[in-house]
Amino acid sequence: TQEDKSLKTVYNSSTPETDINVESLQSGTEHELSVAVIDGEFVIGKEVTTLSFITMPATVQEMRVVNVTYRTMYLDWEDIKGAEKYEVELNDFDREINIKETTSNSEIQVDNLVPGKYYTITVFSIGKDDLKNPTGSALLSQQTIPLPVTDLTLVGVGTTNAKFTR
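Residues numbered from 1 in each chain as written. Predicted model: local features only at pLDDT ≥ 70, side-chain atom pairs only at ≥ 80, totals over all residues. Heavy atoms only, no water.

A. Fine view of the overall build of the chain. The secondary structure content of the chain amounts to zero helices and 13 strands. Shown N-terminal to C-terminal, the secondary structure of the chain runs as helices and strands in the order β-β-β-β-β-β-β-β-β-β-β-β-β. Taken across its 166 residues, the chain has 27% of its residues classed as buried. Counted over contacts in the chain with a minimum sequence separation of 6, partners at least 24 positions apart contribute 54%. (Helix = DSSP H or I, 4+ residues; strand = E, 2+ residues; numbered from the N terminus. Buried < 20%, exposed > 50% of the residue type's maximum accessible area, 1.4 Å probe, protein only. Contact = heavy atoms within 4.5 Å.)

B. View of the sheet that holds strand S7 (residues 85-92). Read across the sheet, four strands follow the order S8-S7-S10-S11 without closing on themselves; strand pairing throughout is antiparallel. The strands lining the two open edges of the sheet, one partner per strand, are strand S8 (97-103) and strand S11 (140-143). Taking each pair of neighbouring strands and ignoring which way they run, the sheet shows an average axis angle of 25°. Note: strand S10 (residues 118-126) against S11, four bridges, orientation antiparallel. Note on S11: the bridge partner recorded for Thr120 is Ser141. (Pairing = 2+ DSSP bridges. Axes fitted to C-alpha atoms, helices over the stretch in contact; angles between N-to-C directions.)

C. Representation of the nonpolar core in the model. Met73, Trp77, Val88 and Leu90 are the most contacted members of the largest nonpolar core, which has 20 residues in total. Of all the elements in the fold, those that place two or more residues in this core are strand S6 (73-76), S7, S8, strand S9 (107-110) and S10. (Core = buried A, V, L, I, M, F, W, Y, C linked by side-chain atoms within 4.5 Å.)

D. Spotlight on the environment of Glu89. Tracing the backbone through its elements, the reader meets Glu89 in strand S7. A sequence separation of 31 residues divides Glu89 from Thr120, and the C-alpha atoms of the two residues are 7.9 Å apart. Residue contacts for Glu89: discarding those within four places in its chain leaves Ile99, Lys100, Thr120, Ile121, Thr122, Phe124 and Lys132.

E. The arrangement of the side chain of Ser137 in detail. Within the element layout of this structure, Ser137 appears in the loop between S10 and S11. The exposure class assigned to Ser137 is buried, which follows from its relative accessible area of 7%.

F. How the structure looks around the sheet that holds strand S5 (residues 64-68). The sheet built from three strands is open, its strands ordered S5-S6-S9 with antiparallel pairing. Looking at which strands have only one partner, the edges of the open sheet turn out to be S5 and S9. Averaged over neighbouring strand pairs, the angle between their axes works out to 20° when direction is ignored. Here S5 runs beside S6; their pairing, made up of four bridges, is antiparallel. The residue bridging Val68 from the neighbouring strand is Met73, located in S6.

Now the structure itself:
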């Protein structure tokens, strides 16, 4: 018998096997699994083994970039039931930058980024006992704002052209 405490639903199943796969459990939720040896309809002995466990939280959905500056990105996403915290990964493969930050909120501001660089962003949900959902959010690609051009100097003008340098 497996019981989902948050919904108070009881599932009964019997099998001659020593392995069982209980499906359709709610993610990020505490469950109990009780096992007893039965003969037909009757429990043999009074020994029942009960195991409590928590399913990992679901995959992060609807992540979005809310604001971008030269060196900062502000991200948010849908809060996931059972997630105690989130791991945010930003990767810039050109410069081999790998930033990992953790937050307990469904939003984060990531600082100290390189202006004008593209980053791929993934968010992972992490439940109790640091149980991390290995499937991250859909990859999102975002560029930080490039720095403005400064010290631009006109070095030559022709009849149909102009030459500038920085």
